[in-house]
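Topology and contacts: notes
Each chain, written out:
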Amino acid sequence: MTKHLLLGQTLGFSGNPLLGDWADAVDFDSVGGVLIEAGRIVATGDGAALRAAHPDAAVTDYGAALISAGFVDAHMHYPQTGIIASWGKQLIDWLNTYTFPEEARFGDRAYADDVAGRTLDLALAHGTTTLASFCTIHPTSVDAFFEAASARNMAVIAGKTCMDRNAPDDLRDTAQSAYDDSKALLEKWHGRGRASYAITPRFSPTSTPEQLSALGALWAEHPDCLMQTHLSEQLPEIAWVQELFPEARDYLDTYEQFGLLGERGLYGHAIHLTEREISRLSEVGAAVVHCPTSNTFIGSGLFDLMGLAKASVTVGLATDTGGGSSFSMLRTMAAAYEIGQLRGAALHPAQLIWLATEGSAAALKMTGQIGRLGAGAAADITVLDLHSTPAIAQRAARAGDIWDAVFPTIMMGDDRAVRDVWVAGERRVG
Ligand code: GUN
Ligand code: ZN
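Residues numbered from 1 in each chain as written. Chains lettered and ligands numbered in written order. Predicted model: local features only at pLDDT ≥ 70, side-chain atom pairs only at ≥ 80, totals over all residues. Heavy atoms only, no water.

This part covers the coordination of the zinc ion (ligand 2). Distances from the zinc ion (ligand 2) to its protein donors, namely His75 (NE2), His77 (NE2), His230 (NE2) and Asp320 (OD), fall within the range 2.0 to 2.5 Å. The site at the zinc ion (ligand 2) holds 4 donor atoms, and with the angles between them running 91 to 159 degrees, its shape is irregular. All donor residues of the zinc ion (ligand 2) come from one chain, and their arrangement in sequence is H-x1-H-x152-H-x89-D. A residue pair is termed long-range when its members are at least 10 positions apart, and His75 in strand β5 (residues 71–77) and Asp320 in the loop between β13 (314–317) and α12 (329–342) qualify at 245 residues. Here His75 matches Asp320 in class, with each residue buried. (Donors = N, O, S within 2.8 Å, 3.2 Å for Na, K, Ca; no water. Tetrahedral: all angles 85-135°; square planar, octahedral: opposite > 155°, others 65-115°. Helix = DSSP H or I, 4+ residues; strand = E, 2+ residues; numbered from the N terminus. Buried < 20%, exposed > 50% of the residue type's maximum accessible area, 1.4 Å probe, protein only.)

Right, dumping it as structure tokens:
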């Protein structure tokens, strides 16, 4: 079995830099090494020492490039790749005008295959090695995504999006068919290779209580699966949820009432939360997912990252394409920084990279398996060129330390900054 040794500036984490002093959580080596064997990272540490100890390893020397865990996009919609950057609408109008007509096309398997492959290749080119994706109501859209991910040996999470009301005729299932189809897909895909199934009600407005209840029952039968949905993204959406569920205490309660609140729950956006919702999310250990480019693009609001982290709510980071306006987790980190500034908190580059790797992995309950540059994790690795454009290079040239050198790439970088990507120990981009 071939051993690979990657040399460069290595960045990993020994703790959560959102809590306490970020510097205590960082594991940085300016001449570091990452040893890979059989698809896993088996050691990290001083580059020269690893080289001396493993003379049989094939060496790739990235010089001053930064070696990080691959980025983990904890909430996105692969069927929306074709409508990214569609102009002028806020959430409900955006769904009706752009999203639903596009999602209706995914009953066509060839179309779904094409978009699934394109989305995963775009993700890899941008340094993203794991995605948690919504599919469409069509079971074929789920098969297309998992098959495309399996062909690339990528760890992905996905599920059939369920909707039985407030959606066009050709995009509605029923409570029973949502349960049956989700169950069949879950049994087919969950735990197969690197695939994980997530039970996926789109959001409360597009599911009847009967459908939410059926999916809650399915989750109770398969508690090892994740459940992904949306929560409190825009104010008119929240008012609509109150009308549709008059007896619910709040938006989160529309999930809790039907068995859809739990530790393995993944709630996208979560911007306009009440105190009760925050404490319930924290109590049950559920995760929320920050989608900053989407929140500004669709006009949703300013996510309270530091407030939620302090309340011990697990937070992941995501593109939310195509509501999000970029496939790049670098651009996504930049948007998180900008939203932080608007809320009076300047996120440190270490905190931003942690969110895009370890933080998202924690949200997906995959800590230690992905998103980690450390022994035992999958060898899903992204190598960043910190001088990828003239504008970035001239700024990085005057950097005083690694953080000053990496921040211009976070703020101004894109796929040109991605020098290489390794997926399960295989080189994919270069
Ligand atoms: N809420 C329900 N569906 C969606 C979606 O597809 N994108 C976003 N951003 N929010 C949603
Ligand atoms: Zn979404």
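For the rest of this paragraph, the subject is the packing of α12 against helix α13 (residues 349–363). Contact pair α12 / α13: the axes reach a minimum separation of 10 Å and the direction vectors enclose 130 degrees. Relative to α13, the element α12 is oriented oblique. Crossing of α12 against α13: the hand is right-handed. Contacts from Met329, Met333, Ala336 and Tyr337 of α12 reach α13 at Leu352, Ile353 and Ala356. (Axes fitted to C-alpha atoms, helices over the stretch in contact; angles between N-to-C directions. Parallel < 35°, antiparallel > 145°, perpendicular 65-115°, else oblique. Left-handed = near helix turned anticlockwise from the far one by under 90°. Contact = heavy atoms within 4.5 Å.)

Across its 13 residues, helix α4 (residues 139–151) extends 19 Å between first and last C-alpha, which sits within 8% of the 18 Å expected from 1.5 Å per residue. Here α4 has its buried residues at Ser141, Val142, Asp143, Ala144, Phe145, Phe146, Ala148 and Ala149. Turning to α4, the residues buried within the fold contact α3 (109–125), β6 (128–134), β7 (156–159), α5 (175–189) and β9 (195–201). Downstream of α4 by one or two residues, Asn153 has phi in the positive range, about 55 degrees. (Expected span 1.5 Å × (residues − 1).)

Attention now goes to unusual backbone geometry. Going from Thr321 to Gly322, the amide bond is cis rather than trans, its omega being 0 degrees. As for its position among the elements, Gly322 is in the loop between β13 and α12. With a phi close to 50 degrees, Ala270 is a non-glycine residue in the positive phi region. Note on placement: Ala270 falls in the loop between β11 (265–269) and α9 (275–284). You can call Ala270 buried: its relative accessible area is 0%. Backbone geometry at Lys365 places phi at a positive 60 degrees, although glycine is not the residue there. As for its placement among the helices and strands, Lys365 is situated in the loop between α13 and β14 (381–384).

Here we take up the site of ligand 1. Surveying the vicinity of ligand 1 reveals 13 residues, the closest of which are His77, Gln80, Arg202, Glu233 and Asp320. Here Gln80 contributes a side-chain N or O atom positioned 2.9 Å from an oxygen atom of ligand 1. In this structure, Arg202 approaches ligand 1 through a side-chain N or O atom, which is 2.8 Å from an oxygen atom. In the complex, 100% of the free accessible area of ligand 1, which totals 270 Å², lies under the protein chains. For the shell around ligand 1, the per-class residue count stands at 5 nonpolar, 5 polar and 3 charged. (Near = heavy atom within 4 Å. Polar contact = N/O pair within 3.5 Å; in protein donor to acceptor, adjacent residues only side chain to side chain. Areas by Shrake-Rupley, 256 points an atom, 1.4 Å probe, with all protein chains shown as cover. Nonpolar A, V, L, I, M, F, W, Y, C, P; charged D, E, K, R; others polar.)

Attention shifts here to the nonpolar core. Within the largest apolar cluster, 104 residues are counted, with the highest numbers of intra-cluster contacts made by Tyr78, Leu231, Tyr267, Leu281, Val288 and Met333. Looking at which element gives the most residues to this core, the answer is α3, with 7 residues. Of all hydrophobic cores here, the second largest spans 17 residues; its members include Ala287, Ala363, Leu364 and Ile370. (Core = buried A, V, L, I, M, F, W, Y, C linked by side-chain atoms within 4.5 Å.)

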